[in-house]
Amino acid sequence: MLADEPALFTDYAVWLRKVLESRKVPTGHLAESFELLAAFFTGHLPATVAARLNQLLAAGEDALRRDDGCDPYRYARHPRLPETARYLEQVLRGDQRGAQETFNACMGNGASLSEASVRLLQPAMVEVGHLWQENRITVAQEHLATALSQNVLARAYMHASFAAPVERKLMLACVAGNHHGLGLRIVCDAFETIGWDVSYLGTDVPTAGLTRQIDAERPDMLCLSLSLPAHLPLARGILEELRAELGERCPPIMVGGQVTLGGERVWRAVKADGWASDALHAIAQFPQ
Ligand code: B12
């Protein structure tokens, strides 16, 4: 409703059905509960609000009926590198050395740190999420793949090429409640490679502390990462708070992350100043 983007809700409906189905939880009640909700909204909310909500519910029901498979990589801008399947298999197996070799070989073949991150590691991690969603791997395997990938990135960083400093400073944080930090780390490293000075605050950053940190460090831009649908209204509130607290001292705010991938309307709804779909897209907006 916030973004007026039906894909946010239809993606969620299909995602939920897959998660439940793969765990043998009956899903017939999903469409039924959408209908019950629609009836409730019609009876209890102003007609215009109920109509907007019910349109979303109808789109959700339709998506469930159509049974679209939902390619988890549908929003990607860059084709994955051919070595992605090998990298995926290695991180799931816990083969740190193999995964590192695969990643480094891509860099050896001419990919920058950011290209290898976005076109190899990122699609592999998206697939890890998909496998978890379908109950084909455990949470422990997902954690293993994430931990391994964090290591791979940290070690590959040592072989990256860096442009001369450009006297611009970036601060990066995941909004409070967002525990997905790997993608933002990739964005952070990407800006470093084009000469920016970076301050990476990591996951789940409380807004009060973020405000003080901005005031202390005065970055030229703030990058905020959001992952889940619930982070959208939260982010909108955080942006309002930062701007109210900091006034002219508030830098331009760029957002990104999983839940923003569905299109313009999503990031505009949180009132951000800019958006990028991935680390390559982000740095391309700041040509040297
Ligand atoms: C690893 C992982 C976790 C780890 C994160 C650990 C860590 N240190 O990062 C942990 C275990 C914490 C986790 C928890 C959860 N997760 Co999780 N997770 C993932 C997974 C498998 C990979 C995330 C990742 O690293 N992706 C790779 C990176 C490189 O991609 P990225 O994050 O999109 O980042 C790129 C861009 O988005 C962009 N970007 C990101 N941030 C920013 C910011 C700016 C400013 C810019 C410009 C760009 C930008 O650039 C990045 C690099 O190119 C994803 C699957 C997926 N599709 O990504 C699920 C996924 C995101 N998780 C999911 C879920 C459901 C959860 C949980 C709710 C599960 C649970 N029941 O507890 C919790 C929620 C925790 C929370 N409150 O945040 C779902 C979300 C589905 C949905 N519809 O909302 C996904 C999609 C899995 C799935 N297929 O079902 N998760």
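Residues numbered from 1 in each chain as written. Predicted model: local features only at pLDDT ≥ 70, side-chain atom pairs only at ≥ 80, totals over all residues. Heavy atoms only, no water.

In the nomenclature of an unreviewed UniProt entry, the protein corresponds to Methanogenic corrinoid protein MtbC1 from the organism Pseudoduganella namucuonensis.

Colleague: Just to check I follow, could you spell out the site of the ligand for this structure?
Modeller: The ligand sits among 37 residues. The nearest are Trp-15, Gln-122, Gly-177, His-180 and Ser-225. Gln-133 places a side-chain nitrogen or oxygen 3.0 Å from a nitrogen atom of the ligand. Elements with a minimum of two residues in the shell around the ligand: α6 (113–133), α7 (139–157), α8 (182–193), β3 (221–225) and β4 (253–256). The element best represented in the shell around the ligand is α6, accounting for eight residues. For the shell around the ligand, a count of residues per class yields 17 nonpolar, 18 polar and two charged. Looking at which domains feed residues into the shell around the ligand, each of domain 2 (84–157) and domain 3 (169–284) gives three or more. (Near = heavy atom within 4 Å. Polar contact = N/O pair within 3.5 Å; in protein donor to acceptor, adjacent residues only side chain to side chain. Helix = DSSP H or I, 4+ residues; strand = E, 2+ residues; numbered from the N terminus. Nonpolar A, V, L, I, M, F, W, Y, C, P; charged D, E, K, R; others polar. Domains from an automatic or database assignment.)

Colleague: Explain the domain arrangement of the protein here, please?
Modeller: As far as domains go, the protein holds domain 1 (6–66), domain 2 (84–157) and domain 3 (169–284). Look at where the C-alpha atoms of domain 1 and domain 2 centre, and you get two points 34 Å apart. With five residues of domain 1 at the interface, the matching set in domain 2 holds four residues. When residues of domain 1 are sorted by the area they lose upon contact with domain 2, Trp-15, Ser-22 and Arg-23 head the list and together hold 73% of the total. Counting the contacts that link domain 1 with domain 2 gives zero salt bridges. Residues of the side of domain 1 that touches domain 2, tallied by class, amount to two nonpolar, one polar and two charged. (Contact = heavy atoms within 4.5 Å. Buried area = accessible area lost by both parts, 1.4 Å probe. Salt bridge = Lys/Arg side-chain N within 4 Å of Asp/Glu carboxyl O.)

Colleague: Please explain the UniProt feature "domain: B12-binding" (unreviewed entry) in the protein as it appears in this structure.
Modeller: Following the UniProt record, one finds the feature "domain: B12-binding" (unreviewed entry) at residues 167–288. Structurally, residues 167–288 comprises 42% helix and 17% strand, and the distance from its first C-alpha atom to its last is 12 Å. (UniProt positions renumbered as here; feature names shortened; annotations may be inferred.)

Colleague: Would you mind going over the coordination of the cobalt atom of the ligand with me for this structure?
Modeller: Under ideal tetrahedral coordination, the four donors around a metal are separated by 109.5 degrees; under ideal octahedral coordination, the six donors are separated by 90 or 180 degrees. There is one protein donor for the cobalt atom of the ligand, namely His-180 (NE2), at 2.3 Å. Considering the arrangement of structural elements, one finds His-180 in the loop between β1 (169–174) and α8. (Donors = N, O, S within 2.8 Å, 3.2 Å for Na, K, Ca; no water.)

Colleague: Teacher, can you tell me more about helix α2 (residues 28–44) here?
Modeller: Every α-helix winds through 3.6 residues per turn, so residues three or four apart in the chain are directed the same way. The end-to-end C-alpha separation of α2 is 25 Å, in line with the 24 Å expected for 17 residues at 1.5 Å each. All of the buried residues along α2 are Leu-30, Phe-34, Ala-38 and Phe-41. Mapping the buried residues of α2 onto a view down its axis gives an arc of 85 degrees, with all of them on the same face. Opposite its buried face, α2 presents the exposed residues Gly-28, Leu-36, Ala-39, Gly-43 and His-44, each directed more than 90 degrees away. (Expected span 1.5 Å × (residues − 1). Buried < 20%, exposed > 50% of the residue type's maximum accessible area, 1.4 Å probe, protein only. Arc of directions from axis to C-beta.)

Colleague: What exactly am I supposed to notice about the pairing of β1 here?
Modeller: Counted residue by residue, β1 has six buried out of six residues, so it is predominantly covered. Examined bridge by bridge, β1 and strand β2 (residues 197–200) share four bridges and lie parallel to one another. Bridge pairing in β2 links Met-171 to Ser-199. In terms of strand pairing, β1 meets β3 through five bridges, oriented parallel. Each residue of the ladder has a partner; that of Leu-170, found in β3, is Met-221. (Pairing = 2+ DSSP bridges.)

Colleague: How do you make sense of the pattern of salt bridges when you look at a structure like this?
Modeller: Pairs can form between side chains of opposite charge once their charged atoms are near each other. Applying the stated criterion across every chain yields a total of 14 salt bridges. Linking Asp-215 and Arg-249 is a salt bridge whose minimum nitrogen-to-oxygen distance equals 2.8 Å. Of this pair, Asp-215 sits in helix α9 (residues 207–217) while Arg-249 is found in the loop between α10 (231–246) and β4, placing the two residues 34 residues apart along the sequence. On the basis of relative accessible area, Asp-215 is assigned to the partly exposed category, the value being 31%. The residue Arg-243 makes a salt bridge to Asp-273 at a minimum N-O spacing of 3.1 Å.

Colleague: What am I meant to see in the packing of aromatic side chains here?
Modeller: Taken as a whole and assessed by the stated rule, the structure comprises seven aromatic pairs. Ring centres of Phe-40 and Phe-41 lie 6.2 Å apart, and the angle between their planes is 65 degrees; on these two criteria the pair is classed as edge-to-face. Residue Phe-40 is classed as partly exposed on the basis of its relative accessible area, which comes to 43%. Between the NZ or CZ atom of Arg-23 and the centre of the ring of Trp-132, over which it lies, the distance is 5.2 Å. One residue, Arg-185, lies across the ring of Tyr-200, its end atom 4.4 Å from the ring centre. (Phe/Tyr/Trp six-rings, centres within 6.5 Å; stacked < 30°, edge-to-face > 60°. Lys NZ or Arg CZ within 6 Å of the ring centre and 35° of its normal.)

Colleague: When you look at the environment of Gly-202 in this model, what are you seeing that I'm missing?
Modeller: Looking at the element boundaries, Gly-202 is found in the loop between β2 and α9. As a C-alpha pair, Gly-202 and Ala-173 span 29 residues in sequence and 5.3 Å in three-dimensional space. Among residues more than four places away in sequence, those in contact with Gly-202 are Leu-172, Ala-173 and Cys-174.

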